[in-house]
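Structure assessment
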Amino acid sequence: MSVTNSTTAADERPIVWFDIDNTLYSASTKISQAMGTRIHAYFVNLGLGHEEASELHLKYYTQYGLALRGLTRHHDVDPIDFDRQCDGSLPLEDMISYDPSLRKLFEDIDRTKVRVWALTNAYRPHAERVLRILKLDDQVDGLVYCDYSIKDFVCKPEPEFYQMAMKQANLSDPSKCYFIDDNRKNVDAARDQGWARCVHFCEKGLEAMEGGRIKEIDDERESGAGDNDVVSVTTMEDLRKVWPEIFKK
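Everything quoted here is computed from the prediction, not taken from an experiment. (Residues numbered from 1 in each chain as written. Predicted model: local features only at pLDDT ≥ 70, side-chain atom pairs only at ≥ 80, totals over all residues. Heavy atoms only, no water.)

**Some remarks on unusual backbone geometry**
To keep things clear, this is the line we draw: Secondary structure elements follow DSSP: runs of H or I of four or more residues count as helices, runs of E of two or more count as strands, with numbering from the N terminus. Burial status follows relative accessibility: with a 1.4 Å probe on protein chains alone, a residue under 20% of its type maximum counts as buried, one over 50% as exposed, and anything between as partly exposed.
The omega angle of the peptide bond from Lys 156 to Pro 157 is 10°, so this bond is cis rather than trans. If you trace the backbone, Pro 157 turns up in the loop between strand S3 (142-144) and helix H8 (159-168). Unlike most non-glycine residues, Lys 135 shows phi in positive territory, near 60°. Classification of Lys 135 as partly exposed rests on a relative accessible area of 43%. Non-glycine residue Asn 170 carries a positive phi angle of around 55°. Position of Asn 170 among the secondary structure elements: in the loop between H8 and strand S4 (177-181).

**Points about the nonpolar core**
For clarity, the threshold we go by: The nonpolar core is taken to be a set of buried Ala, Val, Leu, Ile, Met, Phe, Trp, Tyr and Cys residues, with the residues joined through side-chain atoms within 4.5 Å. Any two residues having at least one pair of non-hydrogen atoms within 4.5 Å are treated as being in contact.
Within the largest apolar cluster, 76 residues are counted, with the highest numbers of intra-cluster contacts made by Trp 17, Phe 18, Leu 24 and Trp 195. Top contributing element to this core by residue count: helix H1 (residues 31-45), with six residues. Sequence-distant contacts of Trp 195, defined by excluding residues within four places in its chain, comprise Trp 17, Leu 119, Tyr 162, Ala 165, Met 166, Pro 174, Cys 177, Phe 179 and Ala 190.

**Topic: the side chain of Asp 110**
Note the following rule: Definition of a polar contact: a pair of N or O atoms within 3.5 Å, with one able to donate and the other able to accept a hydrogen when the atoms are protein atoms, and with sequence-neighbouring residues admitted only if both atoms are side-chain atoms.
Within the secondary structure, Asp 110 sits in the loop between helix H6 (100-107) and strand S2 (115-119). Within polar-contact distance, the side chain of Asp 110 engages the side chain of Thr 112 at 2.5 Å. In this view, Asp 110 contacts Ile 246, Phe 247 and Lys 248; residues no more than four positions away in its chain are not counted.

**Section: the pattern of salt bridges**
As a reminder of what qualifies: Basic side-chain nitrogens of Lys or Arg form a salt bridge, by our definition, when they fall within 4 Å of a carboxyl oxygen of Asp or Glu.
Applying the stated criterion across every chain yields a total of 21 salt bridges. Where Asp 11 meets Arg 13, a salt bridge forms, and the shortest distance between an N and an O atom there is 2.6 Å. Residue class for Arg 13 comes out partly exposed when judged on its relative accessible area of 25%. One salt bridge in this structure joins Lys 156 and Asp 181, with 2.8 Å as the shortest N-O distance. Within this pair, whereas Lys 156 is found in the loop between S3 and H8, its partner Asp 181 is found in strand S4, the two being separated by 25 residues in sequence. By the burial criterion, Lys 156 is buried, and Asp 181 matches it. Members of the salt-bridge network, linked through shared partners, are Lys 104, Asp 108, Glu 237 and Arg 240.

As far as function goes, none of this settles anything; it's purely spatial.
Take a look at the structure:
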């Protein structure tokens, strides 16, 4: 992986954007639960009671897309310290492992036709750690992440995040963007930006934690969400059928 949050040279090939967490590995790993527990503890360590911490965790996640966004806006919080105590303390090596079939999927993508980038709401160290454990770090051309070192950083599903990603990849045509993410709001937001081939990774029936609350994964959308042509898949292998044109013949 040669590019992170910096603009690369002009390249007219479309980009396949992969979310990382709960997409490149299954929600069955329960990493979201382990993360949620650490974030709740962080709220409590700010002097909040457990009930208030739980309510704010959900409120900030729902309002900003990341609990950390609310913490940095409304509390005296160092985002780098937050990352160290939450993402950085996860025993990822014990929770996820190399999947040869996933690597083969990436190897089978025709790089003469498309570029492959990762697009994550995590900070760079966590994203690179996951990619390294999965042995995908050499399969990803670039990484766009939430830069916690920047005041008022942006994240999915904010429009500015997708615009920033295209700028860093030096891509001007949103119709040349493929995208897969486990969060339907993130996928819909990308589609709203004109990203043409958007896929929702949905492990229906499994449990995951969002905003500190355990929920059963489903394909339901928020009330008022407009119709679009987003496709849902339950496995990464399904991408061979949904996006056949990006794979080697």
